[in-house]
Amino acid sequence: MAVRATVSRFPIDSDALEASGLPWGLTVTPFASKDETGIGPAYGSNGHTLPRCENCYAYFNTYCELDQWAWTCSLCGTLNGLPSDAIARYSYPHDSIPEMSSSFVDLELPLDGSEEEMTQARPVYLAAIDLSSSEEFLELTKSALLAALEALSPGSLFGLATFSHKIGLYNVQGPIPVVKNVFIPPDAESKLPLELEDAMPLLQFLAPVETCKDRIAAALETLRPITSWERSSGAAQGIDGVLMGGRGFGTAMEALFNYLGSEFGNTFALARVFAFISGPPDYGRGQLDTSRYGEQYASKRVDADRALLPEQTPFYKDLATIAVQSGVCVDLFAVTNEYTDLASLKFLSIESGGSLFLYSSTDDSTLPQDMFRMLNRPYAFNCVLRLRTSTEFKPLHSYGHFFPDPQYENLQHIICCDSYATYAYDFDFANNTGFSRHSREPPVVQIAFQYTVVVPPEGLQNSELPSSNRGKHLLQRRLRIRTMQFETAQNINEIYDSVDPEVVLSLLVHKVILVSLEDGVREGRALLHDWLVILTAQYNDAYNLVQYKNGNKSMSSQIDITFSQCPQLEPLPRLVFALLRNPLLRFHEEGVHPDYRIYLQCLFSVLEPSSLHCGIYPSLTSYSTPDKQAYPRHSLSRAALITSGSPIFFLDAYTTLIVFYTSTADPSLPFPPPQDCLLRKNINMVKQGRSITPKLMFIREGKDDATAFENYLIEEQDVDGSGFASARGFVSFLDDVSQSVAEYMK
Ligand SMILES: [Zn+2]
């Protein structure tokens, strides 16, 4: 569990918080195996016997004062009696007891009754493939699923389904694959005429991976796109014989979730559905009206971004609830350059704990690699995340892909979570007092994360198990707790010196995504601009940098816009500028596709702070040869490139990696860089540590189209995209901010 706070020294009260102009909060990556400094938890068992405070329910931790019979809660100060079993346990040498030796513990919990019955639940995977698509789409989907089959552990069950104007269910357990079809009624109200269970019993449909791999592959080979002839002769005939489309995605998903739901809690504890879609659902339930995209393009008067960001129907949000109730997590793979309205579809994946992937073309899609990578990493499911604080402050908002508990405040449910998934909180003071200036009690945050993992057979010590359990998957419930003490800042300089700019960026990104979803992209941009103006003003005020005299004539020239007195704040203007230049916040008129914007919103709101930094302000390094690095960091400006004189650049924009050879590079330098060189090693290292597969490009200036690379050189671009390459981009942005700061300070 990695935790990073915006400031390591907390403001003393709400006045100090306001005066700082900074967001106050933290990010947490609960299933990360290490903490933010690379240290792992102390492991143990019997998490249910860990003492809890009877006042605030915090767990006992290393910051609590311990007497022979009692302990004092480090969060609320309550004196609690020690349970008798703990008295005995805590009298042993402390380093053998996890909660006594580390403030970061990971303890096994006993399974509750219902979980106990299904400790041998098998992992279930279901692929649902869009046949209302093209040969290329199906080829790509096949190779992704073949990659997936290699990644699935023995003992997993796999089901293959297709959808179009009908749902196809494959039985691959016999000598030859057999498909059963169920036709989907074309209108948005009707349900399926037949339950899928009646078409094919679920346990015939779900096949053991290890024995049926070849037949699953054979069944995949038989998939063909639905032809228009089939569609018109099927049920897809509308009024007056008009073809009504044939992608019955909504009905198919609803039916498949209900189908799986019957075995939830028996065969499986979590089923993952991979939905491959090549365009908008246009048939049956949950069909989407894609004409709204065209209308927005035609009309310039409406804020197109505002109109296209909200969902057009609650259908998929409601469907996500059904998925969750059926124990299903949905990963949505959209391979399309058509407007698909991901704004409506996204809920299916984000609410069920899955991922949303968007590939604009089948040609350069990294779908098979993404699939393999996703299945090869561990995940936790059925998770509960709870953040507690000491009494002086409290969590205000929470951000990320979870859903709040209907009953308890500050309790979040996460259906499925990998080691990258990151969430954020911001804080507020509980009252006007704040932290007492003279108190010896520092602010404390405690994060508890309860989760289940499937332990594959090879992960268990076979000797410890009865022989009947060997070779089977087991469920394990665990409780991970991290307790952190912070300091308070005696003055504003101490706050500024303790800033983590990447975490500040994370909170800003969450806030602007929320604002743009509610009020449009324009408002999101305005919020960000105003935030930087206020921060700059507060900073200049705090350091007394501006002399108020002579009617403030030269005020803006005195303003320190680069935060030269505070290295921790220095990166922020650049990050804000880059965020304004990011497709996340660029205008529709600049050609940002609404589906791509939604994809970025979903991606950016789960990234941990350093990855997000990379996505917003890509890192640019240079090499003098493929084996020798020149500079570790360049600003994203053409001028910086030219003055550095390096022949090779490597840009990492999180989703894209670009190797760029300048036109002046020595022709004897090998291109592309050879497999065994330092640059390749670095590229491979970056690729391995990433949640998605970045796209890798090689570009030679003067020989290849360099637009993809040049677009990332943002510092010469205009912040609002009204003019390109004005050579004053970032500089004039700073001028503009400093004018606004002068206005604000008056
Ligand atoms: Zn307490």
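Parameters and conventions
- Residues numbered from 1 in each chain as written.
- Predicted model: local features only at pLDDT ≥ 70, side-chain atom pairs only at ≥ 80, totals over all residues.
- Heavy atoms only, no water.
- Helix = DSSP H or I, 4+ residues; strand = E, 2+ residues; numbered from the N terminus.
- Rg over C-alpha atoms; globule rule 2.2 N^0.38 Å.
- Buried < 20%, exposed > 50% of the residue type's maximum accessible area, 1.4 Å probe, protein only.
- Lys, Arg positive; Asp, Glu negative; His and termini not counted.
- Charge placed at Lys NZ, Arg CZ, Asp CG, Glu CD.
- Pairing = 2+ DSSP bridges.
- UniProt positions renumbered as here; feature names shortened; annotations may be inferred.
- Axes fitted to C-alpha atoms, helices over the stretch in contact; angles between N-to-C directions.
- Donors = N, O, S within 2.8 Å, 3.2 Å for Na, K, Ca; no water.
- Tetrahedral: all angles 85-135°; square planar, octahedral: opposite > 155°, others 65-115°.
- Phe/Tyr/Trp six-rings, centres within 6.5 Å; stacked < 30°, edge-to-face > 60°.
- Lys NZ or Arg CZ within 6 Å of the ring centre and 35° of its normal.
- 1 Å grid on protein atoms, 1.4 Å probe; cavity = no way out; pocket = protein on both sides within 12 Å on 5 of 7 lines; lining within 4 Å.
- Points joined across faces, edges and corners; volume = space filled by probe spheres on them.
- Nonpolar A, V, L, I, M, F, W, Y, C, P; charged D, E, K, R; others polar.
- Contact = heavy atoms within 4.5 Å.
- pLDDT = per-residue confidence, 0-100.
- Expected span 1.5 Å × (residues − 1).
- Parallel < 35°, antiparallel > 145°, perpendicular 65-115°, else oblique.

Q: I tried to follow the overall build of the protein chain on my own but got confused; where do I start?
A: Check the secondary structure of the protein chain and you find 26 helices and 29 strands. Compactness check: the protein chain gives a C-alpha radius of gyration of 28 Å against a globular reference of 27 Å for 746 residues, within 12% of the reference. Per-residue burial over the protein chain gives 57% buried out of 746 residues. When the 57 basic and 88 acidic side-chain charges of the protein chain are each reduced to a single mean position, those positions are 3 Å apart.

Q: How do you make sense of the sheet that holds strand S7 (residues 79-81) when you look at a structure like this?
A: Paired through backbone hydrogen bonds, the strands of a sheet run either parallel or antiparallel to each other. Taken together, three strands build an open sheet; the order of strands is S5-S6-S7 and the sheet is antiparallel. Each edge of the open sheet carries a strand with a single partner, namely strand S5 (65-66) and S7. Bridge count for S5 against strand S6 (residues 70-72) is two bridges, and the pairing is antiparallel. Paired with leucine 66 across the strands is tryptophan 71, a residue of S6.

Q: What's the story with the UniProt feature "domain: Zinc finger Sec23/Sec24-type" (unreviewed entry) in the protein chain in this structure? I'm lost.
A: In the numbering adopted here, UniProt assigns the feature "domain: Zinc finger Sec23/Sec24-type" (unreviewed entry) to residues 51-84. Here residues 51-84 runs as 3% helix and 24% strand, with 10 Å between its end C-alpha atoms.

Q: What is the right way to read the sheet that holds strand S18 (residues 393-399) from this model?
A: Pairing is antiparallel across the open sheet formed by four strands, whose spatial order is S1-S3-S21-S18. Strand pairing shows two members of the sheet lacking a second neighbour, strand S1 (2-5) and S18, which therefore form its edges. Within this sheet the neighbouring strands show an average axis-to-axis angle of 25°, counted without direction. Of the strand pairs in this sheet, S18 and strand S21 (residues 423-429) are connected by six bridges, and their pairing is antiparallel. Residue tyrosine 399 lies in a different strand from S21, and its bridge partner there is alanine 424.

Q: Would you mind showing me how to read the coordination of the zinc ion here?
A: The protein atoms that coordinate the zinc ion are Cys53 (SG), Cys56 (SG), Cys73 (SG) and Cys76 (SG), at distances spanning 2.3 to 2.4 Å. Note that the zinc ion binds four donor atoms; their angles at the metal cover 99 to 115°, and the shape is tetrahedral. For the zinc ion, all donor residues lie on one chain, and their spacing in sequence is C-x2-C-x16-C-x2-C. Remark: cysteine 73 occurs in the loop between S6 and S7 and cysteine 56 occurs in the loop between strand S4 (42-44) and S5; sequence separation between them is 17 residues.

Q: Please explain the packing of aromatic side chains as it appears in this structure.
A: Aromatic ring pairs are defined here through the distance separating the ring centres and the angle between the ring planes. A complete count under the given rule lists 39 aromatic pairs for this structure. With 6.4 Å between their ring centres and 45° between their planes, tyrosine 379 and phenylalanine 381 make a pair best called tilted. Here tyrosine 379 falls in the buried class, since its relative accessible area comes to 14%. Accessibility expressed as a relative area gives 3% for phenylalanine 381, which makes it buried. Between phenylalanine 429 and phenylalanine 435, the ring centres sit 5.4 Å apart and the planes meet at 70°, which makes this aromatic pair edge-to-face. Exposure remark for phenylalanine 429: the relative accessible area of 5% places this residue in the buried category. Among the residues examined, phenylalanine 435 registers a relative accessible area of 5% and is labelled buried. Here a set of aromatic residues connected by ring pairs shows up, and it is made of Phe10, Trp24, Phe393, Phe427, Phe429, Phe435 and Phe486. If you follow arginine 272 out to its NZ or CZ, it ends over the ring of tyrosine 379, 4.6 Å from the centre.

Q: How should the layout of surface pockets be read in this particular structure?
A: The method is simple in principle: a probe with the dimensions of a water molecule rolls over the atoms, and the space it marks as empty is what remains. Counted as a void, the largest pocket has a volume near 1200 Å³. If you trace the largest pocket, you find 45 residues lining it, with Tyr596, Thr655, Thr656, Lys695 and Tyr712 closest to the centre. Within the residue set of the lining of the largest pocket, elements represented by two or more residues are strand S16 (356-359), helix H20 (572-581), helix H21 (594-604), helix H22 (609-616), strand S28 (656-661) and strand S29 (695-700). It is H21 that contributes the most residues to the lining of the largest pocket, five residues altogether. Of the residues belonging to the lining of the largest pocket, the class tally is 22 nonpolar, 15 polar and eight charged.

Q: Just checking my understanding: could you explain the pairing of S21 for this structure?
A: If a strand is regular, its side chains alternate between the two faces of the sheet. The buried count for S21 comes to six of seven residues, which makes it a mostly enclosed element. Two elements, strand S3 (residues 25-29) and S21, share four bridges in a ladder whose sense is antiparallel. Looking at S21, one finds that threonine 27 is bridged to alanine 424.

Q: How should the pairing of S28 be read in this particular structure?
A: Most of S28 is tucked away: six of the six residues are buried. Going residue by residue along S28, you find Thr656, Ile658 and Phe660 tucked away on one face and Leu657, Val659 and Tyr661 tucked away on the opposite face as well. With five bridges joining them, strand S27 (residues 648-652) and S28 adopt antiparallel strand pairing. Paired with leucine 651 across the strands is isoleucine 658, a residue of S28.

Q: Can you walk me through the side chain of threonine 366 in this structure?
A: Along the chain, threonine 366 falls in the loop between S16 and helix H15 (367-376). Setting aside its immediate chain neighbours within four residues, threonine 366 contacts Tyr359, Thr693 and Pro694.

Q: Just checking my understanding: could you explain the confidence of the model for the protein chain for this structure?
A: Reading fine detail from the predicted coordinates is not recommended where pLDDT is low. Confidence in the prediction for the protein chain averages 89 pLDDT; 91% of positions are at 70 or higher. The low-confidence segment residues 235-243 (pLDDT under 50) makes 16 contacts with residues lying over four places distant or belonging to another chain. In the model, residues 460-470 has pLDDT below 50 throughout and makes 10 contacts with residues more than four positions away in sequence or in other chains.

Q: For this particular structure, what's the right way to read helix H17 (residues 501-519)?
A: Side chains of residues three or four places apart in an α-helix project in the same direction, reflecting 3.6 residues per turn. Over its 19 residues, H17 runs 26 Å from end to end, which matches the ideal 27 Å to within 8%, given 1.5 Å per residue. A large share of H17 lies buried, amounting to 14 of its 19 residues. At the exit of H17 stands glycine 520, carrying a positive phi of roughly 100°.

Q: Before we go on, may I ask you to explain the packing of helix H18 (residues 521-542) against H20 in this structure?
A: In a packed pair of helices, the relevant descriptors are the angle between the two axes and the axis-to-axis distance. The contact between H18 and H20 brings their axes to 10 Å, and the two run at 170°. In terms of orientation, H18 and H20 fall into the roughly antiparallel class. Only Leu572, Pro573, Val576, Leu579 and Leu580 of H20 make contact with H18, whose side of the interface consists of Arg525, Leu528, Trp531, Leu532 and Leu535. Across the contact of H18 with H20, the residue classes break down as nine nonpolar, no polar and one charged.

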